[in-house]
Amino acid sequence: MAEKITGAEALMRALEHEGVNTLFGYPGGAIMPTYDALYDHKKTLNHVLVRHEQGAVHAAQGYARVSGKVGCAIVTSGPGATNTITGVADAMIDSTPIVVICGQVGVAMLGTDAFQEVDVVGVTQPVTKWSYQIRRPEDVAWAVSRAFYIARNGRPGPVVLDFAKNAQTGMVEFEPANVDFIRSYDPYPRINKEAIEKAARMINNSVKPFALLGQGVELGNACDEVRAFLEKAQIPFGTTFLGLSDMPSDHPLNMGILGMHGNLGPNVMTNQCDLLIAIGMRFDDRVTGNLATYAKQAKIIHFDIDESEFNKNVKIDVAVHGDCKESIPEITALVDEAKHDSWISGFKPYAEKEYNKVINKAINPTEGPLLMGEVVSRVTEATGNKAIMVTDVGQNQLFACRYFKFSQPRSVVTSGGMGTMGFGLPAGIGAAFGAPDRTVCVFCGDGGLQMTIQELGTIMEQGAPVKIILMNNNFLGNVRQWQEMFFHHRYSFTPMDNPDYELIAKGYRIPSKTVVDRADLAAGIQEMLATPGPFLLQCAIKEEDNVFPMTPPGANVDEMLLG
């Protein structure tokens, strides 16, 4: 007779069967049987105790982004579960594969308004790929295998498992499950040969092609394939924020960042190209600006694994539905080796104009207070452009994305679609566990840091080598910039009276340093990078430091303000 174990023990064995080795979580009453089982698996399942359940999910996201694996978080019922919703929604819109396991009251108590009962499935269904309540211990192995299959395959995303207490304590004869097929879910559709052939003809006939690369290139592990395609057909490209590390920053075909706070050249040339080739991106409104005028002169080819993205925002001419790891090599075989030198040289005047009017002033100031751009630029230089960039949300994010440089994939961890303040610190913790051999630089503003500042306790306990660069301007900087530009300098509740961050860091036994003078910046960065373990580098930033270029909301993508 097979050994009988509890449903909680079955969960541990199912997670190990899926290759999980790191969990981020916070215990509580309804998940206590599972935590009791976890006690016997500490050698194989490294549990990172966060200080808030939102931090657990953001940490799982950071882990997933840099490792390419599924991140995993485990929390209790009620407020423990509802505290994860922001992170789950963030993972959904940014296509991050995570599995969140929530405790739940026993089945017999469902619907009675029992202590810490909440309808987790009902709350999370709109912001997950799949949300399921495990009511019996017999369902644990199947549910876990299905959860990880759905989270990692096709367009990745979050899955929530609501784990009833009786299913945790009940006994079952465990046998691991291997879900590799779901009748209603086709994660890797067959590539349409006619679409590939039509797209290839359009590319071969194009005089001014331009490619837009999104995070889907990295998620599909197709960076090498896309690079071979672009280089063969000599197609210049721009990237979204989440696609920044698809290609090296210094690649000769890399024209910069797309969108509201992107680079001038890519945005202007979007409305001058004759062919737009979108790969693994979703035509977000922050990329397109005014849809009524976006790339109306161009034919558009869209490569994506998610059919729902086709014609959702931008009308396209050819849809190539499928995994870009498969579709891009097929089209590469059909496209001609080409030269588009005159078209590519047309980006240069815009790059020079932006450098002279914006970039040089942002990264090479000679007087006045420190600027965010120069801090980011000095940090990336000091790491040899090899570090992982994690950001919070706001001006710190925009400056970091503009001026950090990348030399390898899976180096960007930022909250794109949700724009979640408080994301940076816990995501940096997850990144440190997901890529322990790499330097993790977390750029925060004084506003976002305080939203999840309790995770300094997690960093302290774990000794996580997170390098925190706090760019402190005593404002909610991005909102303040919009108030300056569009609300007549009426700074309504954006100035901040901040605490002593060095004193807080000392309380958490984290080394720290504050840099006020430009002459001390390089030494401060070197001290941060040379110090083993975590470090908080606070930089006193000019209060009214604005991010430019900027496409005003509702404006055409090529109507960028340079200052």
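Higher on the page you've got the structure.
Here goes a summary of the coordinates provided. (Residues numbered from 1 in each chain as written. Predicted model: local features only at pLDDT ≥ 70, side-chain atom pairs only at ≥ 80, totals over all residues. Heavy atoms only, no water.)

Bringing the sheet that holds strand β7 (residues 158–164) into the picture now. The six strands lie next to each other as β3-β2-β4-β5-β7-β6, forming an open sheet whose pairing is parallel. The strands lining the two open edges of the sheet, one partner per strand, are β3 (46–49) and β6 (130–134). Put simply, the sheet's adjacent strands are angled 20° from each other on average, direction ignored. Along the sheet face, helix α3 (residues 53–67) touches β2 (22–25), β4 (71–75) and β5 (98–104) and points at about 165° away from the line of β4. (Pairing = 2+ DSSP bridges. Helix = DSSP H or I, 4+ residues; strand = E, 2+ residues; numbered from the N terminus. Axes fitted to C-alpha atoms, helices over the stretch in contact; angles between N-to-C directions. Contact = heavy atoms within 4.5 Å.)

Residues I203, F229, I277, I279 and I301 are the most contacted members of the largest nonpolar core, which totals 53 residues. Contributions of two or more residues to this core are made by α9 (193–205), β9 (209–213), α11 (223–233), β12 (275–279), β13 (299–304), β14 (318–321), α14 (324–334) and α15 (341–345). For this core, the leading source of residues is α9, giving six residues. With residues near it in sequence (within four places) discarded, I279 still touches L212, L213, G214, V217, V226, F229, F303, C324 and I328. Counting 42 residues, the second largest nonpolar core, distinct from the first, contains V358, F399, I525 and M560. (Core = buried A, V, L, I, M, F, W, Y, C linked by side-chain atoms within 4.5 Å. Buried < 20%, exposed > 50% of the residue type's maximum accessible area, 1.4 Å probe, protein only.)

This part covers the pattern of salt bridges. All told, the structure shown has 18 salt bridges when counted by the stated rule. Across the pair R51 and E461 runs a salt bridge, and its minimum N-O distance is 2.8 Å. With R51 in the loop between β3 and α3 and E461 in helix α21 (residues 456–462), the pair connects residues that are 410 residues apart, well separated along the chain. By relative accessible area, R51 is classed as partly exposed at 25%. Its relative accessible area of 46% is what places E461 among the partly exposed residues. For E527, the salt bridge goes to K513, with nearest N and O atoms at 3.6 Å. Of the two residues, E527 is situated in helix α24 (residues 521–530) and K513 in strand β19 (residues 512–515); the sequence distance between them amounts to 14 residues. Take E527: its relative accessible area is 34%, and that puts it in the partly exposed class. Taken together, the salt bridges that share partners define one network made up of R155, D306, E309 and K312. (Salt bridge = Lys/Arg side-chain N within 4 Å of Asp/Glu carboxyl O.)

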